[in-house]
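Examination of the molecular architecture
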Amino acid sequence: MASMIPGSNAALTAENPGLRKVLVAFGWTITQSLGPQAELVPMAIMCGQDGLALSDDHLVFFNQLTTPEGSMEFVGTDDQEQIDVDLASVPEDVRKIAFVVYVDPDLRGPGNFSAVKNAYVRVADENNRELLRFDIPSGNQMQVKAMLFGELYRHSGGWKFRAIGQGYQNGLTGVATDYKLAL
Amino acid sequence: MAEDAPIVRLNARQSSIGTLLVHGARSTAWEDVDQVTGAESVHGETAGVACPTAGNRKLVAFHEGSAAITLRHVKRFRRAIFIAQDVPLVVSIFGEAALAVSPNTADGKSAVLYISRIDSLLELRAEYVEAANDQTIWAAFGFTMTTPSHMHTGRR
């Protein structure tokens, strides 16, 4: 199992010959409070050569469980938020898959990561053998409302994973703008 | 939305991100997937049972004078009605999309916004009913308030 730092990448398929399917799982803890709490939502977006979403249907999250061709699926439960990717079946025009976690923008707040601790993303094979893990660096995240945790991308005929941890101060609106999504 | 264009269906993203707000309602009544029902007025009177969610927000409740559905937990939502005052009901969702429901018809009927979940999608329907008190309207839409249980108090 490889532990990653922001900006690093891992050659997933080159280092794991025969890897066909990956499970991308997310976790975090929230500092409890009596009032409204931040609720995090993982989302994965399939992007084309231009870095934009192929379409509004090429994303998965808890209320849109699969992409049209079925190669990416949200399979979250109460205990774990997980997105499965069948790498071999991902459409050829998909160049990368971005994994974003946003704080649900409920008007009653809080809409930021300030109470979020120990956030991570891990990538495992279909037997849940962990291949790599990226622990999001801690810090003052009062201004962060969404975060690009990492991305899977095509490289030399295979797939690599890049750890990113880039925060969005404009939250899901910024994510929608960057990937040209109509949310 | 009006009598001649009564239905709007939101997409999966609109149905599940942020808060769906209904401005201009005098009261709301709700039912969750466990068939727990409750109601609240804009003045704070309540009936039935509230539906708390993991984020410490009620599934449906008033917030600063507007009725709100907590869309992060839309999977727990089954249906709700929003009874209009004498002003249009205005619905807003994440992304600043908004739509309005005429408050009444030429023949004096009053608007009730009926929102139901169909799989992953919320459907909004403008209904027009004879003016009546809230209890009569709840009954017309098949809402029977859940009786609050005191089992959790530990009293013998």
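We now turn to the structure provided with this report. For clarity, every value in this text was computed on a predicted model and none was experimentally measured.

1. Structural notes on the layout of surface pockets
Here the second largest pocket is characterised by a volume of approximately 220 Å³. Together, 15 residues line the second largest pocket, and L107 of chain A together with I93, F94, G95 and E96 of chain B are the ones closest to its centre. Elements supplying a minimum of two residues to the lining of the second largest pocket: α2 (171-179) of chain A together with β2 (19-23) of chain B. If one sorts the elements of the lining of the second largest pocket by residue count, α2 of chain A sits on top with three residues. In the lining of the second largest pocket, the residues fall into eight nonpolar, six polar and one charged.

2. Description of α2 of chain A
Among the residues of α2 of chain A, G171, L172, G174, V175, A176 and Y179 of chain A are the ones counted as buried. Tucked inside the fold, the buried residues of α2 of chain A contact β4 (40-47), β8 (96-103), β11 (146-155) and β12 (158-168) of chain A.

3. Some details on the packing of aromatic side chains
In the structure shown here, the tally under the stated rule is five aromatic pairs over all chains. Ring geometry for F26 of chain A versus F99 of chain A: centroids 6.2 Å apart, planes at 45°, classification tilted. Placement of F26 of chain A in strand β3 (residues 21-30) and of F99 of chain A in strand β8 is noted, with a sequence separation of 73 residues between them. We classify F99 of chain A as buried; its relative accessible area is 0%. Each ring, one from Y114 of chain B and one from F141 of chain B, has its centre 5.8 Å from the other, and the planes form 20°; the classification is stacked. With Y114 of chain B in strand β11 (residues 110-118) and F141 of chain B in the segment after α1 (134-140), this pair connects stretches of sequence that are 27 residues apart. There is no split in this pair, since Y114 of chain B and F141 of chain B are both buried. Aromatic rings pair up to connect F26, F99, F149 and F161 of chain A into one cluster. Over the face of the ring belonging to F143 of chain B we find R79 of chain B, whose NZ or CZ atom lies 4.0 Å from the ring centre.

Here is what the cut-offs are and how they apply
Residues numbered from 1 in each chain as written. Chains lettered and ligands numbered in written order. Predicted model: local features only at pLDDT ≥ 70, side-chain atom pairs only at ≥ 80, totals over all residues. Heavy atoms only, no water. 1 Å grid on protein atoms, 1.4 Å probe; cavity = no way out; pocket = protein on both sides within 12 Å on 5 of 7 lines; lining within 4 Å. Points joined across faces, edges and corners; volume = space filled by probe spheres on them. Helix = DSSP H or I, 4+ residues; strand = E, 2+ residues; numbered from the N terminus. Nonpolar A, V, L, I, M, F, W, Y, C, P; charged D, E, K, R; others polar. Buried < 20%, exposed > 50% of the residue type's maximum accessible area, 1.4 Å probe, protein only. Contact = heavy atoms within 4.5 Å. Phe/Tyr/Trp six-rings, centres within 6.5 Å; stacked < 30°, edge-to-face > 60°. Lys NZ or Arg CZ within 6 Å of the ring centre and 35° of its normal.

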